[in-house]
Amino acid sequence: MSLKERIPVYLLTGFLGSGKTTLLNSLVKQPGMERSLILINEFGEVGLDHLLVSHAKEDDNLVVELDSGCLCCATRGDFAKTLRDTPWRYARDGQPLFDRVIIETTGLADPTSIIQTLMRDRTIHLQFRLQGVVTAVDAINGASTITQHIEARKQVSVADLLLVTKADLNIEKHTLDALLQQLAERNPTADIQMTNNGTVAANLILQLDHIEPADSSIPLKKWLNISSVSAQPTGNNLKAFAQLKPISEPQNDINRHNDHIQAHCFIFDEPLSEAKFGMWVDIMVPLFGKDLLRFKGIINIQGHAGPVVIHGVQHTYHPAAYLPEWPDDDRRSKLVFITYDIDRQTLERTFEVFKERNYETEAKFLSEAQNEEHSKQEAISV
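Note that the structure is a prediction, hence the values are computed from the model and not measured.

## Notes on the overall build of the protein
Part 1 of the argument: Of regular secondary structure, the protein possesses 13 helices and 17 strands.
Part 2 of the argument: The proportion of buried residues among the 382 residues of the protein is 54%.
Part 3 of the argument: Expressed as a percentage of contacts within the protein between residues at least 6 apart in sequence, the contacts between residues at least 24 apart total 76%.
Part 4 of the argument: In the structure as shown, the protein presents an accessible area of about 17500 Å², 51% of it carried by carbon and sulfur atoms.

Written out as structure tokens, the structure is:
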């Protein structure tokens with residue numbers, strides 16, 4: 001199977017009670033969703049969700065329950081083996097009985113570890129292509145859930161598509177508006193859509209293609225999708241950078257200092273050196289990998305006619321995609337980070353240090369960053 005012919009995988013996540021099963025039940029009945037293999041992960045000794053997913057027609061879809069624990073921890077190995085085996089286990093005359101895979105995680109799952117498995121396991125990567133991450137958010141309890149549970153915050157942060165459920169159940173407008181603003185601030189690159197009675201058009205899911213920039217069919221502007229942030233002047237700040245902030249400027253909000261997950265957006269006005277930028281990526285990903293929940297960028301590299309597109313999830317960094325031409329006249333480099341306990345100032349320091357290629361300064365920065373990371377791990381262990 002060539003890389004272009006890999007089977008698409010869609011990850012459906014969201015906290016407990018967010019309406020994932022209702023969404024899935026609606027999706028599998030719609031045209032275009034036939035021949036879907038549905039993997040449902042449940043947490044606990046007795047699984048029920050797989051019994052609630054209807055079939056559009058007999059044998060149209062295959063529903064498989066992964067019931068030995070949560071995908072993000074105890075069953076990652078079982079999950080990987082299940083996915084590797086599906087092309088021959090669910091096949092007839094040597095041909096798979098499905099055209100796509102939909103994975104519904106338990107509401108307590110940390111999706112970053114599942115994405116890692118899908119992107120890093122070589123056998124899985126050769127057979128399957130992660131198309132996108134869909135996160136359901138409950139309009140009634142979503143704001144409090146995100147505040148109280150780190151899993152919910154991670155689910156929102158890594159999404160390509162955020163589906164707001166239960167908004168039609170008598171929600172006051174100001175409550176819904178506040179939730180939508182919160183989602184836009186936490187994940188400025190995700191598309192946000194409302195469901196109607198727990199349903200959404202299947203095309204919204206099927207058109208996702210946000211994971212591998214080299215092969216993505218999504219237009220470049222929509223792929224990065226930072227329409228929810230606005231450019232701010234920087235004065236003397238970093239010179240080459242123009243700072244981007246969410247419209248409500250949450251990074252300056254003193255009430256959010258305990259929020260570990262935040263989005264940081266930057267742009268470069270001038271083209272970047274390929275060597276320096278490559279070195280920056282080579283050091284940043286291993287050093288901060290587990291805390292770089294997601295990062296995406298459209299980069300103007302000196303000497304290249306088109307943009308270079310990068311994308312990573314934690315320690316997994318996709319090879320840069322060199323595109324032949326820019327989609328419009330905007331040639332600025334744009335970077336979006338969604339991080340866990342990495343503040344904006346730390347990211348700015350990395351840019352400043354590696355911009356001038358000063359070995360002594362680089363060594364000092366790396367030493368300080370490693371010491372800070374070690375201290376953080378010691379605090380966690382205590």
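Here the narrative resumes, following the displayed structure.
## Some remarks on helix α4 (residues 111-120)
Part 1 of the argument: Most of α4 sits out of view: nine of its ten residues are buried.
Part 2 of the argument: Taken together, the buried positions of α4 are occupied by P111, T112, S113, I114, I115, Q116, T117, L118 and M119.

## A closer look at the confidence of the model for the protein
Part 1 of the argument: The share of residues in the protein with pLDDT of 70 or more is 73%, and the mean pLDDT across the chain is 75.
Part 2 of the argument: Looking over the protein, one finds the lowest element-wise mean pLDDT in strand β11 (residues 241-246), namely 35, and the highest in strand β8 (residues 161-165), namely 95.
Part 3 of the argument: Note that residues 43-59 has pLDDT below 50 and, in this model, 33 contacts with residues that lie over four places away or in other chains.
Part 4 of the argument: Overall, residues 67-76 carries pLDDT values under 50, and its contacts beyond four positions in sequence, including any with other chains, amount to 29 contacts.

## Observations concerning the pattern of salt bridges
Part 1 of the argument: In the structure shown here, the tally under the stated rule is 13 salt bridges.
Part 2 of the argument: Notably, a salt bridge pairs D209 with R129, separated by 2.6 Å at the nearest N-O pair. In this pair, D209 is assigned in the loop between α9 (202-206) and α10 (220-224) and R129 in strand β7 (residues 128-138), connecting sequence segments 80 residues apart.
Part 3 of the argument: Owing to a relative accessible area of 5%, D209 belongs among the buried residues under this scheme.
Part 4 of the argument: Across the pair D291 and K290 runs a salt bridge whose closest N-O atoms are separated by 3.2 Å.
Part 5 of the argument: The buried category is assigned to D291, whose relative accessible area is 3%.

## Some thoughts on the pairing of strand β1 (residues 7-14)
Part 1 of the argument: Within β1, eight of the eight residues are buried, which leaves it mostly tucked inside the rest of the structure.
Part 2 of the argument: Bridge count between β1 and β7: eight bridges; the pairing is parallel. Across the sheet, the residue bridging to I7 is F128, located in β7.
Part 3 of the argument: With four bridges joining them, β1 and strand β6 (residues 100-104) adopt parallel strand pairing. Across the sheet, residue Y10 finds its bridge partner in β6, namely I102.

## Quick notes on the nonpolar core
Part 1 of the argument: Formed by 28 residues in total, the largest nonpolar core has its most connected members in L83, V101, I103, I115, L118, F128 and L130.
Part 2 of the argument: Looking at this core, the elements that each hand over two or more residues are β1, β2 (36-41), α3 (76-89), β6, α4, β7 and β12 (261-268).
Part 3 of the argument: No other element matches α4, which puts four residues into this core.
Part 4 of the argument: Once you skip the residues sitting within four places of it in the chain, L130 turns out to touch V9, L11, I115, L118, M119 and I211.
Part 5 of the argument: Residues V281, L287, I310 and F351 belong to the second largest nonpolar core, which totals 21 residues.

## Points about the environment of R344
Part 1 of the argument: Within the secondary structure, R344 is located in helix α12 (residues 344-355).
Part 2 of the argument: Taking the C-alpha atoms as reference, R344 lies 6.5 Å from H264; in sequence the two are 80 residues apart.
Part 3 of the argument: A distance of 2.9 Å separates a polar side-chain atom of R344 from the backbone oxygen of C265.

## Structural notes on the pairing of β2
Part 1 of the argument: The buried fraction of β2 amounts to six of the six residues, a majority that puts the element mostly inside the structure.
Part 2 of the argument: Burial along β2 is two-sided: the residues S36, I38 and I40 and L37, L39 and N41 are all buried.
Part 3 of the argument: Taken together, the five bridges between β2 and β6 define a ladder with parallel strand orientation. Each bridged residue has a counterpart across the sheet, and for L37 the counterpart in β6 is V101.

Conventions we followed
Residues numbered from 1 in each chain as written. Predicted model: local features only at pLDDT ≥ 70, side-chain atom pairs only at ≥ 80, totals over all residues. Heavy atoms only, no water. Helix = DSSP H or I, 4+ residues; strand = E, 2+ residues; numbered from the N terminus. Buried < 20%, exposed > 50% of the residue type's maximum accessible area, 1.4 Å probe, protein only. Contact = heavy atoms within 4.5 Å. Areas by Shrake-Rupley, 256 points an atom, 1.4 Å probe, with all protein chains shown as cover. pLDDT = per-residue confidence, 0-100. Salt bridge = Lys/Arg side-chain N within 4 Å of Asp/Glu carboxyl O. Pairing = 2+ DSSP bridges. Core = buried A, V, L, I, M, F, W, Y, C linked by side-chain atoms within 4.5 Å. Polar contact = N/O pair within 3.5 Å; in protein donor to acceptor, adjacent residues only side chain to side chain.

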